[in-house]
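The primary structure of each chain is shown beneath.
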Amino acid sequence: MSSLSRELVFLILQFLDEEKFKETVHKLEQESGFFFNMKYFEDQVQNGEWDEVERYLSGFTKVDDNRYSMKIFFEIRKQKYLEALDKQDRAKAVEILVKDLKVFASFNEDLYKEITQLLTLDNFRFVMPVLSTFLLSNPLVHRENDQLSKYGDTKSARNIMLIELKKLIEANPLFREKHQFPSLKASRLRTLINQSLNWQHQLCKNPRPNPDIKTLFIDHSCGPPNGARAPPPANNPLVGAMQKTAAFPPLGAHGPFQPSAGPPASALAGWMGNANSAAPHAAVAPGQALAGPPNPAALLKRPRTPPANSTIDYQSADSEHILKRPRPQADEVNYAGASHQRNATLDDLPKTHARTLNQTSSVTSMDFHPMHQTVLLVGTNIGEISIWEVASREKLAYRTFKVWDISACSVTMQTAFVKDPAVLVHRVVWSPDGALIGVAFSKFIIHLYMYNGTSELRQLHEIDAHVGGVNDLAFSHPNKQLCVITCGDDKTIKVWEAMTARKIYVFEGHEAAVYSVCPHHKESIQFIFSTALDGKIKAWLYDNLGSRVDYDAPGRWCTTMAYSADGTRLFSCGTSKDGESFLVEWNESEGAIKNTYNGFRKRSINVIQFDTTRNRFLAAGDDFSIKIWDMDNINLLTTIDADSGLPPSPRLRFNKEGTLLAVTTQDNSIRILANNDGLRLLNRGIEKVNEVKPAVNTLAAVSGVTAPVVAVDRVPAAVPNGAENSRAVEVKPRADEGIDKKNWKLADLTEQAHCRSIRLGDQMAASKVLRLIYTNAGNALLALGSNAIHKLWKWQKNDWNVAGKATANFAPQLWQPPSAGFMTNDVGETDPEEAVPCIALSKNDSYVMSASGGKVLLFNMMTFKIMTQFMPPPPAATFLAFHPQDNNFIAIGMEDSAIHIYNVRVDEVKSKLKGHSKRITGLAFSNNLNILVSSGADGQLCVWGTDAWDKRKSKFIQMPPGKDATPTGDTRVQFDVDQTRLLIVHETQLAIYDAAKLEPIHQWYLRDPFPASVSSATFSCDSELVYAAFIDGSVGVFETDGLRPRCRLAPSTYLPPGASGTSVYPLAISAHPTEKYQFALGLSDGGVLVVEPLEPDGKWGPIPVTDNGAAASGATGVPPPADQNAEQSGARAS
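Residues numbered from 1 in each chain as written. Predicted model: local features only at pLDDT ≥ 70, side-chain atom pairs only at ≥ 80, totals over all residues. Heavy atoms only, no water.

(A) Just the overall build of the protein, in detail. Along its length, the protein carries 14 helices and 61 strands. With 1134 residues in all, the protein has 57% of them scored as buried. Taking all contacts inside the protein whose residues are at least 6 apart in sequence as the whole, residues at least 24 apart take part in 57%. Just so you have it, the protein exposes about 46,000 Å², and 50% of that area is on carbon and sulfur atoms. (Helix = DSSP H or I, 4+ residues; strand = E, 2+ residues; numbered from the N terminus. Buried < 20%, exposed > 50% of the residue type's maximum accessible area, 1.4 Å probe, protein only. Contact = heavy atoms within 4.5 Å. Areas by Shrake-Rupley, 256 points an atom, 1.4 Å probe, with all protein chains shown as cover.)

(B) Broad picture of the sheet that holds strand 53 (residues 999-1005). Read from one edge of the open sheet, four strands run 50-51-52-53, paired in antiparallel fashion. This sheet does not close on itself; its edge strands, each paired only once, are strand 50 (971-975) and strand 53. Across the sheet, the mean angle separating the axes of adjacent strands is 20 degrees when strand polarity is ignored. Judged from the six bridges that link them, strand 52 (residues 989-994) and strand 53 form a sheet pairing that is antiparallel. (Pairing = 2+ DSSP bridges. Axes fitted to C-alpha atoms, helices over the stretch in contact; angles between N-to-C directions.)

(C) Region of interest: the sheet that holds strand 38 (residues 838-841). With antiparallel pairing, the four strands of this open sheet are ordered in space as 38-39-40-41. Each end of this open sheet is capped by a strand with a single partner; those strands are strand 38 and strand 41 (866-870). Shown here is a sheet whose adjacent strand axes are inclined to one another by a mean of 15 degrees, direction ignored. Alignment of strand 38 against strand 39 (residues 847-851), held across four bridges, turns out to be antiparallel. In the sheet register, cysteine 838 faces strand 39, and the bridge partner there is alanine 851.

(D) Region of the structure containing the nonpolar core. Counting residues in hydrophobic clusters, the biggest one holds 56 residues, and the most contacted among them are Phe36, Phe41, Leu57, Tyr81, Leu101 and Ile892. Among the elements that take part in this core, helix 5 (residues 67-86) stands out by supplying 10 residues, more than any other. Ala397, Trp430, Phe441 and Tyr451 belong to the second largest nonpolar core, which has 23 residues in total. (Core = buried A, V, L, I, M, F, W, Y, C linked by side-chain atoms within 4.5 Å.)

(E) Fine view of the packing of helix 1 (residues 3-18) against helix 2 (residues 22-32). Packing of helix 1 against helix 2 brings their axes to within 8 Å, and their N-to-C directions diverge by 160 degrees. Overall, the two elements helix 1 and helix 2 adopt an arrangement that is roughly antiparallel. Viewed along their axes, helix 1 and helix 2 form a crossing whose handedness is left-handed. Mapping the contact onto sequence places Val9, Ile12, Leu13, Leu16 and Asp17 in helix 1 and Lys22, Thr24, Val25, Leu28, Glu29 and Ser32 in helix 2. Looking at side-chain class alone, the contact of helix 1 with helix 2 contains six nonpolar, two polar and three charged residues. (Parallel < 35°, antiparallel > 145°, perpendicular 65-115°, else oblique. Left-handed = near helix turned anticlockwise from the far one by under 90°. Nonpolar A, V, L, I, M, F, W, Y, C, P; charged D, E, K, R; others polar.)

(F) Main features of the packing of helix 6 (residues 90-101) against helix 7 (residues 109-117). Put simply, helix 6 and helix 7 touch, their axes get as near as 11 Å, and they point 165 degrees apart. Relative to helix 7, the element helix 6 lies roughly antiparallel. The way helix 6 lies across helix 7 gives a crossing that is right-handed. Judged by residue contacts, Leu97, Val98 and Leu101 of helix 6 engage Tyr112, Ile115 and Thr116 from helix 7. When its residues are assigned to classes, the contact of helix 6 with helix 7 shows five nonpolar, one polar and no charged.

(G) Quick look at a nonpolar patch on the surface. On the surface, a cluster of nonpolar side chains totalling about 400 Å² of accessible area is made up of Leu216, Phe217 and Ile218. For leucine 216, the position within the fold is in the loop between helix 9 (188-202) and strand 1 (244-245). (Patch = residues over 30% accessible without salt bridge, like charges linked within 9 Å, V, L, I, M, F, W, Y side chains within 5 Å. Salt bridge = Lys/Arg side-chain N within 4 Å of Asp/Glu carboxyl O.)

(H) Quick look at the environment of aspartate 543. Along the chain, the position of aspartate 543 falls in the loop between strand 18 (536-541) and strand 19 (549-552). Taking the C-alpha atoms as reference points, aspartate 543 and valine 506, 37 residues apart in sequence, are found 9.0 Å from one another. Other than its neighbours up to four places away in sequence, aspartate 543 contacts Tyr505, Phe507 and Arg548. In terms of polar contacts, aspartate 543 uses its side chain to reach the side chain of arginine 548, at 2.6 Å. (Polar contact = N/O pair within 3.5 Å; in protein donor to acceptor, adjacent residues only side chain to side chain.)

(I) Representation of the environment of glycine 828. Inspection of the secondary structure assignment puts glycine 828 in the loop between strand 37 (813-815) and strand 38. Classification of glycine 828 as partly exposed rests on a relative accessible area of 49%. Separated by 27 residues in the primary sequence, glycine 828 and lysine 855 have C-alpha atoms spaced 7.5 Å apart.

(J) How the structure looks around the packing of aromatic side chains. Summed over the entire model, instances satisfying the criterion amount to 30 aromatic pairs. An angle of 40 degrees between the planes, with centres 4.8 Å apart, marks the rings of tyrosine 1027 and phenylalanine 1079 as tilted. With a gap of 52 residues between them, tyrosine 1027 in strand 55 (residues 1025-1030) and phenylalanine 1079 in strand 59 (residues 1079-1083) connect regions that are remote in the sequence. Looking at arginine 6, its charged tip hangs above the ring of phenylalanine 34, at a distance of 5.0 Å from the centre. Across the ring face of phenylalanine 417, the terminal group of lysine 443 is positioned such that the distance to the ring centre comes to 5.7 Å. (Phe/Tyr/Trp six-rings, centres within 6.5 Å; stacked < 30°, edge-to-face > 60°. Lys NZ or Arg CZ within 6 Å of the ring centre and 35° of its normal.)

(K) Structural view of the pattern of salt bridges. Applying the stated criterion to the full structure yields 41 salt bridges. The shortest N-O distance in the salt bridge between lysine 99 and glutamate 95 comes to 3.4 Å. Here lysine 99 pairs with glutamate 95, and both are found in helix 6, just four residues apart, close to one helical turn. Lysine 99 sits in the exposed class, given a relative accessible area of 61%. Look at glutamate 95 and you get partly exposed, because its relative accessible area is 36%. Between arginine 569 and glutamate 585 there is a salt bridge, and its shortest N-O distance comes to 2.8 Å. Note that arginine 569 is positioned in the loop between strand 20 (558-563) and strand 21 (570-575) and glutamate 585 in strand 22 (residues 581-587), a separation of 16 residues in sequence. For arginine 569, a relative accessible area of 12% puts it in the buried group.

(L) Broad picture of the pairing of strand 40 (residues 856-860). Burial analysis of strand 40 places five of its five residues in the buried class, the great majority of the element. Neither face of strand 40 is left uncovered, since the one carrying Val856, Leu858 and Asn860 and the one carrying Leu857 and Phe859 both have all their residues buried. Bridge analysis of strand 39 against strand 40 gives four bridges, and the strand direction is antiparallel. Residue pairing across strands places serine 850 opposite leucine 857, the latter belonging to strand 40. Linking strand 39 to strand 40, which pair antiparallel, is a turn of four residues; within it glycine 853 sits at a positive phi near 95 degrees. Bridging between strand 40 and strand 41 involves four bridges; their strand directions are antiparallel. Counterpart to valine 856 in the pairing with strand 41 is phenylalanine 870. Here strand 40 hands over to strand 41 after five residues, with phenylalanine 864 in that stretch at a positive phi of 65 degrees.

(M) Looking closely at the pairing of strand 59. Within strand 59, five of the five residues are buried, leaving the element largely enclosed by the surrounding structure. The two faces of strand 59 match: Phe1079, Leu1081 and Leu1083 on one face and Ala1080 and Gly1082 on the other face are all buried. Sheet topology note: the strand 58 (residues 1066-1071)/strand 59 ladder contains five bridges and is antiparallel. Across the sheet, the residue bridging to alanine 1068 is glycine 1082, located in strand 59. Direction of pairing for strand 59 relative to strand 60 (residues 1088-1093): antiparallel, over a ladder of four bridges. Residue pairing in the sheet places leucine 1081 in a bridge with leucine 1089 of strand 60.

(N) The arrangement of the side chain of serine 386 in detail. Inspection of the secondary structure puts serine 386 in strand 6 (residues 385-389). Among the residues examined, serine 386 registers a relative accessible area of 1% and is labelled buried. At a separation of 3.2 Å, a polar atom in the side chain of serine 386 contacts the side chain of glutamine 359. Other than its neighbours up to four places away in sequence, serine 386 contacts Gln359, Leu376, Leu377, Val378, Lys395, Ala397 and Tyr398.

(O) Representation of the confidence of the model for the protein in the model. Counting all residues, the mean pLDDT for the protein is 78, and 77% of those residues have values of 70 or more. Ignoring residues within four places in sequence, the model shows residues 226-342, a span with pLDDT below 50, making 301 contacts including any to other chains. (pLDDT = per-residue confidence, 0-100.)

(P) Local environment of the state of the cysteines. Scanning the entire structure with this criterion turns up zero disulfides. For the unlinked cysteine cysteine 1047, the closest cysteine sulfur is that of cysteine 755, found at 8.5 Å. Taking the relative accessible area as the measure of exposure, cysteine 1047 reaches 0% and is therefore buried. (Disulfide = S-S within 2.5 Å.)

The following block contains the structure:
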């Protein structure tokens, strides 16, 4: 069931409860399973309504769902049985024993026999048999029942049982997030119905002042009074007062329905009038007279709860005149590009590669001058802006990022810049007349410049606009006044006077960071569309009355909107968190999607950028190319590869006439594509930048509307790939993927700037990290230190990390439950620093099994509580592995070389495997082969069948030439994703074995550039790579096929300056379960780091080598040249 359907159930539950349909409420709770009403459950238990208790529970769990559920049902049926015995109702007790308690006999027959024997007693209180420990289906919690002699009266016994039941329900994962009813304002469903009727009344052709609402089964419509419509007010809604009428009358027991404004003022209003607003509203009190908004708001405004004792506002004659007018044609709208005609052909598209501009840093935003067609404004990822004359390839002006007056900025902004001065440009845009430039940065501020055609960019205003990033910027002309519109991470949209920097409006209502803005106008009505990172689209008038619509954009994530050049057609383009992209046209009159354009790749790498041109064509950067659609045809028209070399989702921008198209490339250049007219424009050099001399004093007189603003490909920093599951995307092969692997050269990364890493925060005393694992969900890291303490770091979901996955972009939280300490292992009499730690995580991340020389403990990952403990030393456990098919079975490697197959259900060792002569250092199960592979401290490998636990094969690993033939030290084993090949890790080597034959396929022995001993190694999530850590601090990335080294990370890439790889080095390495190129390191100084490639879609090496032996430029995984690094560093510092 979708989240909206689930919310509807809660609204119905609230309505039923308010209307006193009590039985129906609890029936719906039980059937939906969304909300467990603990109060109702307690009442039924205390009243002894056992059938209703079990019926209600059945909507949420069954007896055999898990150990908690089994315990819940057992306690209830045991209480029912004891009450029958207490009443001397033997027949009822026998019935309960046979029908209700018999099911538990299969789990503990002795317990069932003891319960049965109670039938022979006259009064079970006078004897003191203790009911045996009830072992659950996954018996990780042991609890002895109280002695029956303590059984009191029925009421007290039920209360005691209720305490136990509440604990079990709270601990049961099936009841998680079902204990709390959502916080809703009173009568929320009635309010939504009120709003719906208001909008229906707005759309009536003949709205009456006191509509007669008789049914909800069909849409409301006011019939014409005697065939004629009441005359509307004569005054203008934009300047004058409005005629008032009465509110809607009450509708039965459900209270009055809110009235609203009259019919919409234009075709656009039809769309807005049908908005299904999700914004919260106050409760509607019976008998109140409620009013709608003033008429200008009727264009876009969603229903709001107005003050009491007010009335409906109707439209003016002027607005009715607008309503009856046909859709304006191109010559009716003063809009950039209105002169374009619909007879444009495919030949008019700019497809010829005419110029290349070498920008040097990655381009994040572009905009052509609105009047001078060959002048291009560019913003980059290091905060610089440039102005190019594309005809001559001349850079006319250039500015690196610099805060003009830090003392005038907020303390929050100053602190942010002190911590991290790096800034990128989110948007650059020209004002409608080309006299001003607006720049939105990724942190707090915008810059406004004046430009007169020279090499000078004159500073106009620096505005501390938003808390966090400023995600978009646009110019507009409300009330014939040039304004700047901004939006940001603080969930607001703000409007500023361009020439004075005075803030005149703040629009609040989004619940997530606002991603883009699109100002527009219909006739004399000016408005703004905005989109947010939760996929919501809202519309605002230039007032303080809030948003008028609330829609879900296709994809529900990063979306931008734009009108065609003549302002008559509205489009949006967006990408979902999963990488699915949508390009659609909206039907303004109905608020629905009119066309959805086909042709995007299945999974887009980044957020798609689009643009419109000539009132006919749509263009989007996707799949290493530019894709073109005819606006009137949903199928892909053509693609342009621009002589190849484009990134997965190139940024693009047409000039005003559509004769030139700027597109970004993978090597940080900009290619200028041209049609025949564009080529002539470039070759003649018609538009010279020194002819651009707009007068500043003309700004106030500028009229019209800014050209359509289309957002660039901006991806929130925490999701750099633009899609949550970008790892699964079929990426177009890069240069290095088609190179003969014999011509590889190892990528040697030596500086922190060559990769992205983050050291996880930890205020506890440092201790060596000996074991490190990701959770299976990929959102947390669990470390076990030499001090026997576990540390769990969790990445939280937010607007920038919507998936909540582990990333090096944001620091996670060192997490522990409230009022609970860290999970700490039993150490017994062993020195934990000398013990062999071991750890294993269950498939659902609910439990962790761990030992540090003492007993084996099972922890609940949600509460950090010890669920059970067993296997006290000696001998101590040295390795743990959950059975992949049944978490009740655990393989435990022991210090005395034995392997115990332990069944936690019955708390016993089912099998004891003997065949090793040294302690067990590794265990790995294979479902495909039905085997368990074990490794010992002497390099011995053994294969065991999991059906009969019989030993099938045994072999010692092969030592490197010149080494002692008898291996010493830990040997680890790990299966690949297919569970057919084994990774063997020893301090002297890495090896890939055929698991069925136990024969080596590939072997790699220590040698340059990795001469030091291996400390830890692991497969990547897809088993195509092997990550290995060495005791000299270096980390190697190897191809599984052939164990060929691809990349070396020197200690200096992840250690702070001054730290040495000889004193601090990785003891544990773990690969992310879904992100192929991410791994984590556990260090000897107690640190834990997450490491990723530098580029969002980058990889770890190697460097292809040309015929002359030199490394090819632009290869994946290659660190930037030294001079380029210096240039970028200088730019950031400035």
